[in-house]
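# An overview of the molecular structure
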Amino acid sequence: MNATPIQVPLLIPAVPDRSALWPYLERIDEARHYTNFGPLVKELEARLQQRFESHAGMQLHVTTVSNATLGIELTLKALNLPAGSLVLVPALTFVATITAIISAGHIPVVADIDPDNWLLTPEIAAAAVKASGARAAVVVATFGHPQNTRDWSEFQRQSGVRIVIDAAAAFGSQWLDAGDIPVVFSMHATKSLPAGEGGFIVSGDASINALVCQMSNFGINLDPHSGVPVGYLSSSGTNAKLSEFHAAVGLASLDNWDQQALLRQRLYQRYRSNLEQSCGEELSWQTGPAPSAPTTFCVRLGSEARRTHFEILCREQGIATRRWYQPLLHRHAPEIGKIVVLPTPHAEAVAADLIGLPFFIDISDAQIASVAAAVRRSVSLNPLLQHVT
Ligand SMILES: Cc1ncc(COP(=O)(O)O)c(C=O)c1O
């Protein structure tokens, strides 16, 4: 049987078009500087730094990288933990969070999430550290919902456990109110500040940013005052530099970010109130402040059977959906490496009925209505029903 053609795509990236890129591409042509910390990369870092500093009211540092996955890996390496340290990670996140921990030479400890806000919280981390002896945690601003950096700073100070926040999808929502917690953002094409590929690290600790920057350039020392000759390898890094072309896209995205964020917020509210009006209490949502520039739209349908029913309906009608962040991290192939798994009952429950609905800036009211109609039909099923025929 032929599959129904897609009528409602899952996600359409909102990347600046060629007219928005043109002024930046002209500057690249003139400067003939294409990578290796060029002027556009520096300008992007300076503009981001200003944005984060004006929110935080303190000095912060921004270092661009070629993607957030390498950003998380290099930030972990910059913490200088002993090789093979145990590092907490929430069970519900994109696979990049765990691959970055493994690539940094550490052992992931998969921990549970809060049943309401779907985040790894300091309370859950405290119990997980006690159970596992973890020395660090990569906590995630899941689906763009921000983590509280002050709470994590307090946790880090009291426990000695080092914290890195993976805020890949949380630009505009995740801020730094504590300079001792490094935060990593993604500029992947699907994010709200797209560069095609790209990422950056924000922290109040200049030495972390300097080390990430050095390791993004193989580990070559470029600091005449460091005690190691300039041009010598002084740490073991990789090539994770952001090119001038990606910086051009990032800068053009930043020029238009506030307008785009507003469109995303309005869409989120319109879509959500449509579903709340038609399906009311049957749906549950991630609690906490709505993201400033949402790029995904997830909801829990109340049971696994309802989700299966909804997926079948959507396939029949050409509506694309995604079980975001599934399978849970510890349910992938054992070959990914050594992993410690703590009990994750809340993550299992969320994963059982979570579904990502189509979400993109120019989704039409008719498309939203067709998604809402399918949701309505599925949640009219008895949630205790175990199987869908
Ligand atoms: C939670 C999370 N972490 C990390 C990443 C990886 O980001 P990048 O594609 O920039 O490497 C993503 C990308 O979607 C993500 O959602």
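Rules and cut-offs
Position numbers for residues start from 1 in each chain and track the written sequence from start to end. Where local features are concerned, this predicted model is filtered to residues with pLDDT of at least 70; where side-chain atom pairs are given and counted, the filter is 80 or more; whole-chain, interface and lining totals use all residues. As a rule here, side-chain values come from all non-hydrogen atoms in the structure, and water together with hydrogens is ignored. We call a residue near a given molecule or strand whenever any one of its heavy atoms falls within 4 Å of it. Between N or O atoms, a polar contact is any pair within 3.5 Å; within protein, one atom must be a potential hydrogen donor and the other a potential acceptor, and residues adjacent in sequence are included only when both atoms are from side chains. Shrake-Rupley sampling with a 1.4 Å probe provides the accessible areas, and residues are treated as covered by the protein chains on show and by no other component. In DSSP terms, a helix is any run of H or I states spanning at least four residues, a strand is any run of E spanning at least two, and both are numbered starting from the N terminus. Partly exposed describes any residue whose relative accessible area lies between the buried limit of under 20% and the exposed limit of over 50%, with all areas from a 1.4 Å probe on protein chains only and scaled to the type maximum. For Phe, Tyr and Trp, rings pair up if their centres lie within 6.5 Å, where Trp contributes its six-membered ring, and each pair is then called stacked (planes under 30 degrees apart), edge-to-face (over 60) or tilted (otherwise). Following DSSP output, two strands are said to pair if at least two bridges run between them. Contacts are assigned to residue pairs with any non-hydrogen atoms lying within 4.5 Å of each other. Only the contacting stretch of a helix is used when fitting its axis, a line to C-alpha atoms as for every element, and angles between N-to-C directions run 0 to 180 degrees. Throughout, the edges of the domains are those of an automatic or database domain assignment. Accessible area that two parts lose when put together, evaluated with a 1.4 Å probe and summed over both, is termed the buried area.

### Concerning the site of the ligand
- With respect to spatial proximity, 15 residues lie near the ligand, and among them Ala68, Thr69, Asp166, Ser186 and Lys191 are the closest.
- The contact in question runs from an oxygen atom of the ligand to an N or O atom on the side chain of Thr69, over 2.5 Å.
- Between the ligand and Tyr325, the relevant distance is 3.1 Å, taken from an oxygen atom to a side-chain nitrogen or oxygen of the residue.
- When isolated, the ligand has an accessible area of 390 Å², and the protein chains bury 91% of it.

### Observations regarding the side chain of Gln286
- Note on placement: Gln286 falls in the loop between helix 9 (257-279) and strand 8 (298-300).
- For Gln286, a relative accessible area of 7% puts it in the buried group.
- Among the polar contacts made by the side chain of Gln286, one reaches the main-chain carbonyl oxygen of Asn117 at a distance of 3.0 Å.
- One polar contact links the side chain of Gln286 to the main-chain carbonyl oxygen of Thr142, over a distance of 3.2 Å.

### Some details on the packing of aromatic side chains
- Summed over the entire model, instances satisfying the criterion amount to 18 aromatic pairs.
- Judged by centre distance (6.1 Å) and plane angle (85°), the ring pair of Phe171 and Phe185 falls under edge-to-face. One end of the pair, Phe171, is in the loop between strand 5 (162-166) and strand 6 (183-186); the other, Phe185, is in strand 6, with 14 residues separating them in the sequence.
- What makes Phe185 buried here is its relative accessible area of 0%.
- Measuring from centroid to centroid gives 6.3 Å for Tyr271 and Phe359, while their planes differ by 5°, and the two rings are stacked.

### Side note on the sheet that holds strand 1 (residues 61-65)
- Spatial strand order, 1-7-6-5-4-2-3-9: eight strands in an open sheet with mixed pairing. Both edges of this open sheet fall to strand 1 and strand 9 (340-341), since each of them pairs with a single strand only.
- The pairing of strand 1 with strand 7 (residues 199-203) spans five bridges and is classified as antiparallel. Across the sheet, the residue bridging to His61 is Ser203, located in strand 7.
- Against the sheet, helix 3 (residues 68-78) touches strand 1, strand 2 (86-90), strand 4 (136-140), strand 5, strand 6 and strand 7, its axis set at about 165° to strand 6.

### Quick notes on the domain arrangement of the protein chain
- Taken domain by domain, the protein chain consists of domain 1 (18-255) and domain 2 (257-379).
- Summarising the inter-unit geometry, the C-alpha centres of domain 1 and domain 2 are found 26 Å apart.
- Taken residue by residue, the interface counts 40 residues in domain 1 and 36 residues in domain 2.
- Counting the surface lost from both domain 1 and domain 2, the interface buries some 3,400 Å², and carbon and sulfur atoms represent 65% of this.
- When residues of domain 1 are sorted by the area they lose upon contact with domain 2, Trp118, Phe143 and His145 head the list and together hold 22% of the total.

### Quick word on the environment of Phe359
- Tracing the sequence through the fold places Phe359 in the loop between strand 10 (354-356) and helix 12 (365-379).
- As a C-alpha pair, Phe359 and Tyr268 span 91 residues in sequence and 8.4 Å in three-dimensional space.
- Apart from the residues within four sequence positions on either side, Phe359 is in contact with Leu10, Leu11, Arg264, Leu267, Tyr268, Tyr271, Pro294, Thr295, Thr296 and Phe297.

### Let's talk about the pairing of strand 6
- Alternating residues of strand 6 divide into Val183 and Phe185 and Val184 and Ser186, and every residue in both groups is buried.
- Relative to strand 7, strand 6 runs antiparallel, the two sharing four bridges. Bridge pairing links Phe185 to Phe200 in strand 7.

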